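Residues per chain, in single letters:
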Amino acid sequence: MNILVINPPNIPFTNTSLLAPPLDVLGLATLIKTNFKTEFLDMDALRLKEIPENFFIKTDIIVVLIDYQIPLHTGEANEYVLDMIKKYGTEKRMIIIGKTPTYFSEQFLKAGAKVVVRGIYDEVILSVLQNINKDGELKKIPNLILNQNGKYFITERKFTNGDYESLPIPDYSFLDLKYYMDTATMITSRGCDGKCKYCSTPYFFHQFQSRKVKDVVDEMELLISKYHKTKIIFLDDNMTISKGRMINICKEIKKRNLKVLLGCLSSIAHYEKELFEFMYEVGFRWVHFGLESGSEKVLKKMGKSMDISYIKQVIKEVKEIGYRVRTSFILDYPGSTLEDFNQTKDLILKLNPHEIRFHYLAYRPGTPVAHENPNKIVSSYIHSSKSGSELSYTKDISLFLQELEQLGYLVITKEQEWNIYNNLSKNQKFVSMVPMKYGMCWYE
C-alpha cells in the first residue's frame, strides 16, 4: 500500500516568516515509513489547497493529522479538512488524527472519513493501516471510531500513553527546509503535570513522556551538521518539567561540544536557578513562560495558581543569568475584569520582559474552559483579530500597547509585519497580538 501523510493547509496559509516544520505530522510519517511506503505532503508550506494529481493517483490511503501537539491551524482549517474529506474520501480511504477529530469525530465521519483515531496515535496507527480492509480486525483495535458503510462503530476506549520513548527520530528527508523559518524546531516530550483549564495537553496526553536523551542530542547534531542550523527551539510544552532529564541533555550537549543557540518553553513551577545556569552554559539563550495573568484571582480560575511575587523573582533571576525572556498573557479569560487587566499591566511593567505575547482565549477541544462555556465557538486556534470584541476594556488594551511602544517595544498587530524585521539589536523588545516569530534577537 502507498500511504500519503498530509499536513493540511492553514486558512489562511501560515505566514512564511513564522512557518515551522510540522513536527507532529513529520513524526507520524516517520513512524508509518517503518512499515509502509510513505509520502509526505505539507500543503501549508507548498501553498496547496488541492492534492496534486501525481500524489493522488499513486495513493491508497490518506492520513491527515491536524491539531495534535502543536495547535497551529485555525478553526477555518478544520472546516477545510472536512471539505477535503468530502472531496477525496469517496475514492481514497482516509484516516483522521488529532484533538479536534477526537472530540468532534462525528463531523469527520459524516464527511466520509474511514477511521478517526481518538487520542494518541502511536500505539494504533500501524495496526489500523495493516487492517484497513478488515472491518472485523479494525473493531479489535482500541480508541477508534469507524465508518463502516455509513454506520459508526466505536471500539474499546482504552487509556494509553503510547510509547513515546521508542518513536524514531523525525525523518527530515521528507521536508525541503528552504520553505521554513531559519530557526529549527524540535519536540522531545509530551504531556504535563499542570492542570491549566485552557490547555488541552494534560487532558489529551496525560502524563509526561519523553524521548531518549541520546536521540534528542542526535537530532540536534543532525540539524547542526547536515542542515547548518545555528538556532534551535524546543517546542515541548514544558522542557524543564524533569530536572534530571534536562541536566542529562545539557551534559550530552557539552560532551559533544555542540555550538548552537537554544530556546525552550518552561514554567515558573519548574524553575530552578542552578538548572537554568547550566542550560545557559551549553547554549540556551531564550525562554518562554506562559504567565497568562497578573491577577491571582484569574490565575486561580485558570487552574494556574502562582504567587505573583515569585513570578517577579524568577523573571528577574532568569534575565540576570542572561536569557532573553518571552511571556504570554490571556486578555479575556472568562470572568476577567478591568481590575484584573490593570494587575496584568502592572506586572508586565515590573517584569519588563523582552517579548510579550497577548492572546485572546482559544476554546480548545477537550479543555475544561471549553466544557464550561459550550456557547463559545470551539476551534483549535483562533486569530486574535477575531476575538476580544466582547471585552469592556478593549480601549484600555489599545492604550497599553501605545504605552509599551513609548517604552521601546515594537508593536506587532499583523503577522505580515514580521517579514520586515530581521537584524534587530540584542535587546530590542516587542509585543505582539499575533503568533510570534522565533529566533528573533538571539545573539551571544
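Below is a short write-up of the structure. (Residues numbered from 1 in each chain as written. Predicted model: local features only at pLDDT ≥ 70, side-chain atom pairs only at ≥ 80, totals over all residues. Heavy atoms only, no water.)

1. Considerations on the pairing of strand S1 (residues 2–7)
Of all 6 residues making up S1, 5 are buried, and the element is well covered by its neighbours. Pairing between S1 and strand S2 (residues 37–42): 6 bridges, direction parallel. Bridged to Val 5 within S2 is Phe 40. Each parallel crossover has a hand, and for S1 linked through helix H1 (residues 23–33) to S2 it is right-handed. Here 4 bridges tie S1 to strand S3 (residues 61–65), and the two strands are oriented parallel to one another. (Buried < 20%, exposed > 50% of the residue type's maximum accessible area, 1.4 Å probe, protein only. Helix = DSSP H or I, 4+ residues; strand = E, 2+ residues; numbered from the N terminus. Pairing = 2+ DSSP bridges. Right-handed = clockwise from strand over helix to strand, strands pointing away.)

2. Structural notes on helix H3 (residues 75–88)
The first and last C-alpha atoms of H3 sit 20 Å apart over 14 residues, in line with the 20 Å expected at 1.5 Å per residue. Taken together, the buried positions of H3 are occupied by Gly 75, Ala 77, Asn 78, Tyr 80, Val 81, Leu 82, Met 84, Ile 85 and Tyr 88. Close packing links the buried residues of H3 with S1, helix H2 (53–57), S3, strand S4 (93–97), helix H4 (99–103) and helix H5 (105–111). (Expected span 1.5 Å × (residues − 1). Contact = heavy atoms within 4.5 Å.)

3. Description of the nonpolar core
Counting 118 residues, the largest nonpolar core has Val 63, Ile 95, Ile 97, Ile 125, Phe 284, Phe 289 and Phe 358 as its most contacted members. Counting residues per element, this core draws most heavily on H1, which supplies 7 residues. Residues within four places of Ile 95 in sequence aside, it is in contact with Ile 61, Ile 62, Val 63, Val 64, Val 115, Val 117, Ile 125, Val 128, Leu 129 and Ile 132. With 25 residues, the next largest nonpolar core counts Phe 56, Ile 62, Val 64 and Met 84 among its residues. (Core = buried A, V, L, I, M, F, W, Y, C linked by side-chain atoms within 4.5 Å.)

4. Things to note about empty space enclosed by the protein
Tallied over the full model, the rule gives 4 cavities of 30 Å³ or more. Within this model, the largest cavity holds a volume of roughly 220 Å³. Contributing to the lining of the largest cavity are 16 residues, with Leu 23, Gly 27, Tyr 164, Leu 167 and Ile 187 lying nearest its centre. Of the residues assigned to the lining of the largest cavity, the class counts are 10 nonpolar, 2 polar and 4 charged. (1 Å grid on protein atoms, 1.4 Å probe; cavity = no way out; pocket = protein on both sides within 12 Å on 5 of 7 lines; lining within 4 Å. Points joined across faces, edges and corners; volume = space filled by probe spheres on them. Nonpolar A, V, L, I, M, F, W, Y, C, P; charged D, E, K, R; others polar.)

5. Remarks on the packing of aromatic side chains
For the coordinates displayed, the defined rule picks out 20 aromatic pairs. Taking 6.4 Å as the distance between ring centres and 55° as the angle between the ring planes, the aromatic pair formed by Phe 329 and Phe 358 counts as tilted. Placement of Phe 329 in strand S14 (residues 324–330) and of Phe 358 in strand S15 (residues 355–359) is noted, with a sequence separation of 29 residues between them. Looking at Phe 358, the relative accessible area reads 1%, which means it is buried. An aromatic cluster is defined as three or more aromatic residues linked by ring pairs; in this entry it consists of Tyr 68, Tyr 103, Tyr 121, Phe 204 and Phe 205. Across the ring face of Tyr 443, the terminal group of Lys 231 is positioned such that the distance to the ring centre comes to 5.9 Å. The side chain of Arg 285 reaches across the aromatic face of Tyr 280, ending 3.7 Å from its centre. (Phe/Tyr/Trp six-rings, centres within 6.5 Å; stacked < 30°, edge-to-face > 60°. Lys NZ or Arg CZ within 6 Å of the ring centre and 35° of its normal.)

6. Quick word on the pairing of S3
In terms of burial, S3 is a largely internal element, 5 of the 5 residues being buried. The two faces of S3 match: Ile 61, Val 63 and Leu 65 on one face and Ile 62 and Val 64 on the other face are all buried. Bridge count for S3 against S4 is 5 bridges, and the pairing is parallel. Residue Ile 61 lies in a different strand from S4, and its bridge partner there is Arg 93. You can see the chain leave S3, run along H3 and come back into S4, and the turn it takes is right-handed.

7. Digging into the sheet that holds strand S13 (residues 284–292)
The parallel open sheet is built from 8 strands, whose spatial order is S8-S11-S12-S13-S14-S15-S17-S16. The outermost strands of the open sheet, each flanked by one partner alone, are strand S8 (184–186) and strand S16 (409–412). Looking at each pair of strands side by side, their axes are set apart by 20° on average, direction ignored. Taken together, the 4 bridges between strand S11 (residues 231–234) and strand S12 (residues 261–266) define a ladder with parallel strand orientation. Pairing of Ile 232 across the sheet is with Leu 262, part of S12. (Axes fitted to C-alpha atoms, helices over the stretch in contact; angles between N-to-C directions.)

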